[in-house]
Amino acid sequence: MLGPAASDEATFTPRSALAELIEVSPSETTLLVHLTSSERTCDAVAPASAEEVAVALRLTLPAGVKLEPGSFPRPPFVAVEGRAPLMATVKLRGRKHELRPGGELSLSRIEANPQGVLEGLLKLEFAGDAEQPATRVSGRFLAHFCKINRLR
């Protein structure tokens, strides 16, 4: 849900759920998750249609923190010290929106290898204010790791 209009709301079951784990530097690791209503593989990305629904997540882990099951909150106003920042975007009916902070990403299973899986629950929610409408993305997902880039 991205707003009050009927065209701002969609329910979908991802046809593709892909993840990447990238060690950017010795002090930073990034997890990328892409959930889409269109068919995609690790090797091929089909052109997106105007009706595609997609959710993209970027979780950046701070220095020394390993990716493991747990909750990663998106505090609405104050950053929680020691927690990883989480960015989320949604594509709906040809429009791309960056979600406002609120809610959390919960990871319950992580098999960080090239054929591994990432299982979790999205509970991303912004209550809305005078300038921005309420938004909500929620549901369980099971993604497959496409890429694991570790520093050696």
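Note: the structure precedes this text.
Undergrad: How would you sum up the overall build of the protein chain? Please name residues and give values.
TA: When helices and strands are tallied, the protein chain shows zero helices and nine strands. Scanning the protein chain from its N terminus toward the C terminus, one meets helices and strands in the order β-β-β-β-β-β-β-β-β. Looking at the protein chain residue by residue over its 152 residues, the buried ones come to 34%. At a minimum sequence separation of 6, the contacts of the protein chain that also span at least 24 residues come to 58%. When the accessible surface of the protein chain is summed, it comes to about 8,900 Å², and 52% of that surface belongs to carbon and sulfur atoms.

Undergrad: Give a detailed account of the pattern of salt bridges, specifying residues and quantitative values.
TA: Across all of its chains, the model carries seven salt bridges by this definition. Close ionic contact of E20 with K147 constitutes a salt bridge, the shortest N to O distance being 3.7 Å. Pair noted here: E20 is in strand 1 (residues 16–25) and K147 is in strand 9 (residues 135–149), with a separation of 127 residues, a long-range link. One salt bridge connects R109 with E119, and the closest N-O pair in it is separated by 3.8 Å. Here R109, found in strand 7 (residues 103–110), pairs with E119, found in strand 8 (residues 117–126); they are ten residues apart in sequence, far enough to count as distant. By relative accessible area, which is 30% here, E119 ends up partly exposed.

Undergrad: Any details on the pairing of strand 8? Residues and values, ideally.
TA: The side chains of a regular strand alternate between the sheet's two faces. In this sheet, strand 8 lies alongside strand 7 in antiparallel orientation, the contact comprising seven bridges. Residue pairing across strands places E104 opposite K123, the latter belonging to strand 8. Connecting the antiparallel pair strand 7 and strand 8 is a turn made up of six residues. As paired elements, strand 8 and strand 9 share ten bridges and run antiparallel to each other. If you follow V117 over to strand 9, its bridge partner there is H144.

Undergrad: Explain the sheet that holds strand 4 (residues 70–73) to me, using residue names and the numbers behind them.
TA: The sheet built from nine strands is open, its strands ordered 4-7-8-9-1-2-3-5-6 with mixed pairing. For this open sheet the edge positions go to strand 4 and strand 6 (95–98), each flanked by a neighbour on one side alone. Each neighbouring strand pair of the sheet contributes to a mean axis angle of 25 degrees, computed without reference to strand direction.

Undergrad: Talk me through the environment of A10; I want residue IDs and the actual numbers.
TA: By the secondary structure assignment, A10 is in the segment before strand 1. Judged by relative accessible area, A10 falls into the partly exposed class, the value being 30%. Put simply, A10 and L92 are 82 residues apart on the chain and 7.8 Å apart in space, counted from C-alpha to C-alpha.

Undergrad: Can you explain the side chain of T30? Please cite residues and give values.
TA: Locating T30 in the fold gives a position in strand 2 (residues 28–36). Excluding residues that lie within four positions of it along the chain, T30 makes contacts with E20, L21, I22, V24, R58, L59 and T60.

Parameters and conventions
Residues numbered from 1 in each chain as written. Predicted model: local features only at pLDDT ≥ 70, side-chain atom pairs only at ≥ 80, totals over all residues. Heavy atoms only, no water. Helix = DSSP H or I, 4+ residues; strand = E, 2+ residues; numbered from the N terminus. Buried < 20%, exposed > 50% of the residue type's maximum accessible area, 1.4 Å probe, protein only. Contact = heavy atoms within 4.5 Å. Areas by Shrake-Rupley, 256 points an atom, 1.4 Å probe, with all protein chains shown as cover. Salt bridge = Lys/Arg side-chain N within 4 Å of Asp/Glu carboxyl O. Pairing = 2+ DSSP bridges. Axes fitted to C-alpha atoms, helices over the stretch in contact; angles between N-to-C directions.

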